[in-house]
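Residue-level listing of the chains:
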Amino acid sequence: MEFRHLRCFTVLAEELHFGRAAQRLAMTQPPLSLNIQQLEASVGARLFERNSRGVALTAAGLAFLPRAQALLEQAATAAREARDVGQGLAGQLHIGFAGTVLYRGLPQVLRAFGSAHPRLRLVLRELSSSEQLVELVHDRLDLGFVHTTRVPPGFSQILVSSQPFMACLPVGHALAAQAVLPLERLKGEAFAVVMRAVSPDYHDRILAACADAGFEPALHFELRHWLSVVSVIAQGLGVALVPAALQQAGLPGVAFVPLAQPLAPYDTHCLWRTGRDEAALGAFLATVRAAAQPG
């Protein structure tokens, strides 16, 4: 049994006339008759009664018709879905992101991509940069938004955004009203940082910057999330150096002060395995490039 047999059967069942059915199928009557005979032989039952008055479905034909129509519809749906996936119009992408990307970069990409590709499903997972690298290497993510220069071999990247670090202080802190803040003024303060296991690049950069300013920071809080860092500061429990985008979190009780000697910027990269040519991935990366704000 072949799909061409089913197509011939369903059209003839609708027309109940060999001439009209052959015309719809863009064939002559002899090959149509042959297809019906082959189908009946495959099924093991007569599907049509043929007499001088025309063509009629047998009881077997009536029983077979809805199943044949369903098979043809399923085949058409499968072909349409495969075509859409191949063209990047459907399917899904698994995307990792570090928390601060929610405040700079990722929302713009998601809005633009969702408008242009409504049938592509995005599955997003909040993970640290280190966790994303593990998932990317094991192909459990299609791409990730990371804050690290520790890119494994075989991966490509796009610089999505670059932002300065700022001092984050409780609003009642004596230095909170400064226009700019020399980092050495924070010597002796209780620091809150994201733990090294979560973001080794950031952690090492903060320690190095404080060392350059002539002191070793007192790390009173080592936390997993940036919002946890800002929340600790909002409670008056310490100070921190954080990416400028966290100003958009809108947490009360904190002040953000530019540093007199800027640190190296906090960069966000979109990372994916080099050489992958899936249409959906290519479409998403095109949206990332269009929305990138590297300056």
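Preceding block: the structure.
Given the structure is predicted, the values throughout are model-derived calculations rather than measurements. (Residues numbered from 1 in each chain as written. Predicted model: local features only at pLDDT ≥ 70, side-chain atom pairs only at ≥ 80, totals over all residues. Heavy atoms only, no water.)

A. Spatial organisation of the overall build of the protein. Looking only at helices and strands, the protein has 9 helices and 12 strands in total. The C-alpha radius of gyration of the protein comes to 32 Å, more than 25% above the 19 Å expected for a compact globule of 295 residues. Principal axes of the C-alpha set define a box for the protein whose edges measure 105 × 40 × 30 Å. When burial is assessed residue by residue, the protein has 44% of its 295 residues classed as buried. Long-range contacts, defined as pairs at least 24 residues apart, comprise 72% of the intrachain contacts of the protein with a sequence gap of at least 6. Total accessible area on the protein is roughly 14,500 Å²; 55% of this is exposed by carbon and sulfur atoms. Each charge sign in the protein was given a centre, from 25 positive and 23 negative side chains, and these centres are 8 Å apart. (Helix = DSSP H or I, 4+ residues; strand = E, 2+ residues; numbered from the N terminus. Rg over C-alpha atoms; globule rule 2.2 N^0.38 Å. Buried < 20%, exposed > 50% of the residue type's maximum accessible area, 1.4 Å probe, protein only. Contact = heavy atoms within 4.5 Å. Areas by Shrake-Rupley, 256 points an atom, 1.4 Å probe, with all protein chains shown as cover. Lys, Arg positive; Asp, Glu negative; His and termini not counted. Charge placed at Lys NZ, Arg CZ, Asp CG, Glu CD.)

B. Spotlight on the sheet that holds strand β3 (residues 91-97). An order of β4-β3-β5-β12-β6 is seen for the 5 strands of this open sheet, with the pairing classed as mixed. At either end of the open sheet lies a strand with only one pairing partner, and these are β4 (120-126) and β6 (155-163). For this sheet, the mean inter-axis angle between neighbouring strands, taken without regard to orientation, is 20 degrees. Note that β3 and β4 share 7 bridges and pair parallel. Opposite L93, over in β4, you have L122 as the bridge partner. (Pairing = 2+ DSSP bridges. Axes fitted to C-alpha atoms, helices over the stretch in contact; angles between N-to-C directions.)

C. Representation of the sheet that holds strand β10 (residues 240-243) within the structure. Strand order in this open sheet of 3 strands is β10-β7-β11, and the pairing throughout is antiparallel. Because the sheet does not close on itself, it has two edges, and the strands there are β10 and β11 (254-258). Strand-to-strand twist of the sheet, defined as the mean angle between neighbouring strand axes without regard to direction, takes the value 40 degrees. Here 4 bridges tie strand β7 (residues 165-170) to β10, and the two strands are oriented antiparallel to one another. Directly across from C168, in β10, lies its bridge partner A240. Against the sheet, helix α8 (residues 226-234) contacts β7, β10 and β11, and its axis sits at roughly 135 degrees relative to β10.

D. Inspection of the nonpolar core at higher detail. Within the largest apolar cluster, 39 residues are counted, with the highest numbers of intra-cluster contacts made by L186 and L241. At the level of elements, β7, β8 (190-194), α7 (200-212), α8, β10 and β11 are the ones that each hand at least two residues to this core. Not counting chain neighbours up to four residues away, the residues in contact with L186 comprise A167, L169, L175, L181, F191, F215, V239 and L241. In terms of nonpolar packing, the next biggest core, distinct from the first, is built from 21 residues, L120, C270, W272 and L281 among them. (Core = buried A, V, L, I, M, F, W, Y, C linked by side-chain atoms within 4.5 Å.)

These figures capture arrangement, not role.
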